[in-house]
Structures are given as structure tokens and as C-alpha cells.
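Structural description and commentary
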Amino acid sequence: MQPINLREYERLAESRLDAEVWSYYAGGAEDEVTLRANESDFDRFRLRPRVLADVTSIELSTTVMGEPVSMPVLVAPMAGQGMAHAEGECATARAAAAAGTIMAASSSATCSLRQIAESCPGARWFQLYVRYWDEAERLVKEAESVGYSALVLTADLPRMGNRERDVRSGFKLSRGFHVPNYLDRQEGFQLPSLTWKSLERIRAWSSLPLVLKGIHTGEDAAIAVEHGVDAMVVSNHGGRQLDGAVSAIEALPEAVEAVRGRCEVYMDGGIRRGTHVLKALALGARAVFVGRPILWGLAVDGESGVRHVLEILKCELERAMALAGCPDLSSVSNSHIMRAVDGSQV
Ligand code: FNR
Ligand code: LAC
């Protein structure tokens, strides 16, 4: 039976994948407090639907940094997709293109950035891990030359989080999958010595807009804007890094407030329903990224599975907007959401 929601995809994917691969995909750091909070903190916010708003047709299309997308749902960068399906990131890229949205391809993909670019006509962004300066420069230049339209610099992995599920299952990144972008040196992710000043150096390699991923606080959101980032992703890496860190949906309002409209703010972490997307939009996100559910779709049915996961989210968001009285994205506002505990405005 075909799954009808993302939860059903999760269960089916778990039953199909090897236990070590599942531990790597599903796991978070240490006690997985942040991993769980990313999902459960959506319940701390409640929607405030409006009625009689003519919702005959609902328009979900928008732009992200000027690029048109069919819906405000993008595909998060995720390493190691070849462990879910033989076609890996290339299948995900085709599914994202078919859904009219953007995929961010991970530096640590199991397909090279060129293979991903050649596998589909859609728009795509390149997620950069600066592991070595020379390697990063080469990757950025290559990404620009093969048609990636933005760089997503991930900032929240100065060390790998302590993922105890992987310790127990015996999953090892270096043995788990091969990363063609990294040529000979397979170990490591983000130089721990990166600072705000490093952004200038990274920018100078290309003319691509820079999206900073891994913002958790209003303080860093403000500094990022001062350093001229073109957009940012409020994200805690899906609860895989600092356990106990603030959930993504709780961090979003303070980032949006600090940014004061000076650049677009996206978020990821825990998006499993169309109503989660709507809540993030009402709190000021321009768009969201979806992570693990893409891997679930890929594991269950390759490109078609990813297409279906994106289709489910789109249908759920469309329905949620109709029920909330929002015929298009510009009509979604802060007045559509409140805190569940005390009913206060956010
Ligand atoms: C990730 N994530 C990630 N982020 C990134 O910038 N580069 C990467 O290579 C990866 N790799 C990766 C692998 C796997 C298996 C997962 C689950 C996640 C983090 C990802 O982009 C995103 O921030 C989270 O996955 C969002 O949370 P949800 O949607 O998975 O809850
Ligand atoms: C991870 C890295 C690769 O979360 O981003 O596993």
C-alpha cells in the first residue's frame, strides 16, 4: 500500500534500510533532545485560521532569492543518499525538478556535483563544507561553472556531533559511503577555524549568492546580515550537532526579528506536515527545507518516492492554507499564529 503521509514513509523506509544506514539517517546527537524538539515544538504554536476569505484557488508559488519555485518547500542538503537508493542524489535532483523546487546538493553527496547537475534541468544550490581551502575553492568554481545558482555554507559542524546511535550500530562515515567531490581526502567536514571573516574569502571565489546555514540565534542572524549574506537557514542540522540546542521553530522568530527584512530567512528541522510549513511561514520564514522525509521517499521508491513525498507536503500545505483563509503566500502573516501555552502573539 502506498504511504499516505510522511510518517508512513518513515516506517516503511526503516523497514527497508540496513540498521546502520537507518541509524545514520534517523539519529541525532546524544539524548536526541533537539531532534525530538524540532518536531514536537511545532505543537507549541497554534494556527489562528480566518474564515470567508475566498479560497477557491490557492497559489503556492513564490521565489527564493529571486528564483521561482512552485512552493515554499525546498530539499535540504543531505550526505550519503546513495545508501538509500542506487541513483542517490541524482534521483532526488530529478524529483525536486519535477516538483518545481530547488534541491541543495551536499558537498558530501555520493554523486559528484557535475553528475547531479547533468541529471536534471531544474535549479539547484550547492552546499559547501570548507574542509580544506584549496578543495573548497575548486568545488565552488566547479559548482558555478556547471550551473548551480547559490552557495549554501554550512556553519554548524566545526566538529561532528556525538551520534551515539552510530557508535552502537557500528556505522562509520568513511566506510559508509564514498564522496566523489572530495577526490582523495575523504575524512572531515568543516574547518573548525572558520570565522565570520572567512565569508569574504569564500565569496571571492564566485559570483554566487551566499546562504548561511546553521543559524540558531538572533545574535548570529544580525551578524550574518552585517556580513552581507544573501539569505540564511535557521537550522540545528536536524538535531545532529549540539544536543539541547534550541529547536528550529523556536529559534525562527528571534532570527526573523533580528534580520528585520534585510534578507530572506529559511528554516529546516522537523517539517513533517503541511501545517508545519504554514507555521514556519507565519513566523516569518520565506521557505523551508525538508530533510529526512526526502531520504524516506528515496529509500521506499527512488525518484518517484521523493516526488510523492513532495507532493504530499504540497497537498497538505495547500489544504492548510485554504482552511486558514490564506489564498496565497503573501496573505500568510504573524496574525495566523500564536503560542499554545498562553495564547500570546509571537
Ligand atoms: C543532514 N544534514 C546536512 N546538512 C548539510 O548542510 N550538509 C550535509 O551534508 C548534511 N547531511 C545530512 C545527512 C543526513 C542523513 C541528515 C538527516 C541531515 C542536515 C540537513 O540539511 C537538515 O538541516 C536537516 O536534516 C533538517 O532536519 P529534518 O528535516 O531532517 O528534520
Ligand atoms: C551529517 C553531516 C554529513 O549530518 O552533515 O551527517
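None of the values given here were measured: they were computed from a predicted structure.

This part is about the pairing of strand S8 (residues 210-215). The buried fraction of S8 is high, at six of six residues. Summarising the sheet, strand S7 (residues 151-154) and S8 pair through four bridges and their orientation is parallel. When the bridges of S8 are listed, threonine 154 appears paired with lysine 213. Sheet topology places S8 next to strand S9 (residues 231-234); four bridges connect them, and they run parallel. Its bridge partner being in S9, isoleucine 215 is matched across the sheet by valine 234.

Below, the discussion takes up unusual backbone geometry. One non-glycine residue, aspartate 54, lies in the positive phi region at around 50°. Judged by relative accessible area, which is 56%, aspartate 54 ranks as exposed. In this structure, histidine 237 takes a positive phi of about 65° despite not being glycine. Accessibility expressed as a relative area gives 13% for histidine 237, which makes it buried.

Neighbouring ligand 2 are Tyr24, Ala79, Tyr129, Leu157, Arg163, Phe189, His237 and Arg240. Residue tyrosine 129 places a side-chain N or O atom 2.5 Å away from an oxygen atom belonging to ligand 2. Relative to its unbound accessible area of 220 Å², ligand 2 is 93% covered by the protein chains. Among the residues forming the shell around ligand 2, the class breakdown is five nonpolar, one polar and two charged.

Ranked by internal contacts, the top residues of the largest apolar core, which has 107 residues, are Met232 and Met267. Among the elements that take part in this core, helix H13 (residues 292-324) stands out by supplying 15 residues, more than any other. Apart from residues no more than four positions distant in its own chain, methionine 267 is found in contact with Phe42, Val233, Val234, Ala248, Ile249, Leu252, Ala280, Ala285, Ala287, Val288 and Phe289.

Evaluation of the coordinates by the stated rule reveals 17 salt bridges. The shortest N-O distance in the salt bridge between glutamate 39 and arginine 272 comes to 3.3 Å. Remark: arginine 272 occurs in the loop between strand S10 (264-268) and helix H12 (274-282) and glutamate 39 occurs in helix H3 (residues 33-40); sequence separation between them is 233 residues. Its salt-bridge partner being lysine 141, residue glutamate 137 comes within 2.7 Å of it at the nearest N-O pair. On the criterion of helical spacing, the pair formed by glutamate 137 and lysine 141 is a turn pair, its members being four residues apart in helix H6 (residues 133-145). Three or more residues are tied together by salt bridges with common partners; here these are Arg7, Glu10, Glu39 and Arg272.

Let us now look at the site of ligand 1. Near ligand 1, the surroundings consist of 22 residues, among which Pro77, Ser106, Thr154, Asp268 and Arg272 are the closest. Here tyrosine 129 contributes a side-chain N or O atom positioned 3.1 Å from a nitrogen atom of ligand 1. At a separation of 3.0 Å, a nitrogen atom of ligand 1 approaches a polar side-chain atom of lysine 213. About the coverage of ligand 1: the protein hides 99% of its 600 Å² of free accessible area. Residue assignment for the shell around ligand 1 shows that the elements contributing at least two residues are helix H2 (19-26) and H13. Looking at the shell around ligand 1 residue by residue, the classes come out as eight nonpolar, nine polar and five charged.

Turning our eyes to something else, we now look at the environment of glycine 297. Within the secondary structure layout, glycine 297 lies in helix H13. Considered as a pair, glycine 297 and glutamate 10 are 287 residues apart in the sequence and their alpha carbons are 8.2 Å apart. Those residues in contact with glycine 297 that sit more than four places away from it in its chain are Tyr9, Gly302, Gly305, Val306 and Val309.

Right, let's get into the packing of helix H4 (residues 88-98) against H13. Running from N to C, H4 and H13 cross one another at 15°; their axes reach a closest spacing of 7 Å. Our classification of the angle between H4 and H13 gives roughly parallel. Where H4 crosses over H13, the two elements pack in a sense that is left-handed. Judged by residue contacts, Gly88, Ala91, Thr92, Arg94, Ala95, Ala96 and Ala98 of H4 engage Ile294, Leu298, Glu303, Val306, Arg307 and Leu310 from H13. When grouped by side-chain class, the residues that make up the contact of H4 with H13 number eight nonpolar, two polar and three charged.

This brings us to the pairing of strand S6 (residues 124-128). Counting buried positions along S6 yields five of five residues, so the element is predominantly enclosed. Burial along S6 is two-sided: Arg124, Phe126 and Leu128 facing one way and Trp125 and Gln127 facing the other are all buried. Across four bridges, strand S5 (residues 103-106) lies against S6 in parallel orientation. Bridging from a neighbouring strand, alanine 104 pairs with tryptophan 125 of S6. Note on the crossover from S5 through helix H5 (residues 113-119) to S6: the handedness is right-handed. Alignment of S6 against S7, held across three bridges, turns out to be parallel. Within the sheet, the bridge partner assigned to leucine 128 lies in S7 and is leucine 153.

What counts and how
Residues numbered from 1 in each chain as written. Chains lettered and ligands numbered in written order. Predicted model: local features only at pLDDT ≥ 70, side-chain atom pairs only at ≥ 80, totals over all residues. Heavy atoms only, no water. Buried < 20%, exposed > 50% of the residue type's maximum accessible area, 1.4 Å probe, protein only. Helix = DSSP H or I, 4+ residues; strand = E, 2+ residues; numbered from the N terminus. Pairing = 2+ DSSP bridges. Near = heavy atom within 4 Å. Polar contact = N/O pair within 3.5 Å; in protein donor to acceptor, adjacent residues only side chain to side chain. Areas by Shrake-Rupley, 256 points an atom, 1.4 Å probe, with all protein chains shown as cover. Nonpolar A, V, L, I, M, F, W, Y, C, P; charged D, E, K, R; others polar. Core = buried A, V, L, I, M, F, W, Y, C linked by side-chain atoms within 4.5 Å. Contact = heavy atoms within 4.5 Å. Salt bridge = Lys/Arg side-chain N within 4 Å of Asp/Glu carboxyl O. Axes fitted to C-alpha atoms, helices over the stretch in contact; angles between N-to-C directions. Parallel < 35°, antiparallel > 145°, perpendicular 65-115°, else oblique. Left-handed = near helix turned anticlockwise from the far one by under 90°. Right-handed = clockwise from strand over helix to strand, strands pointing away.

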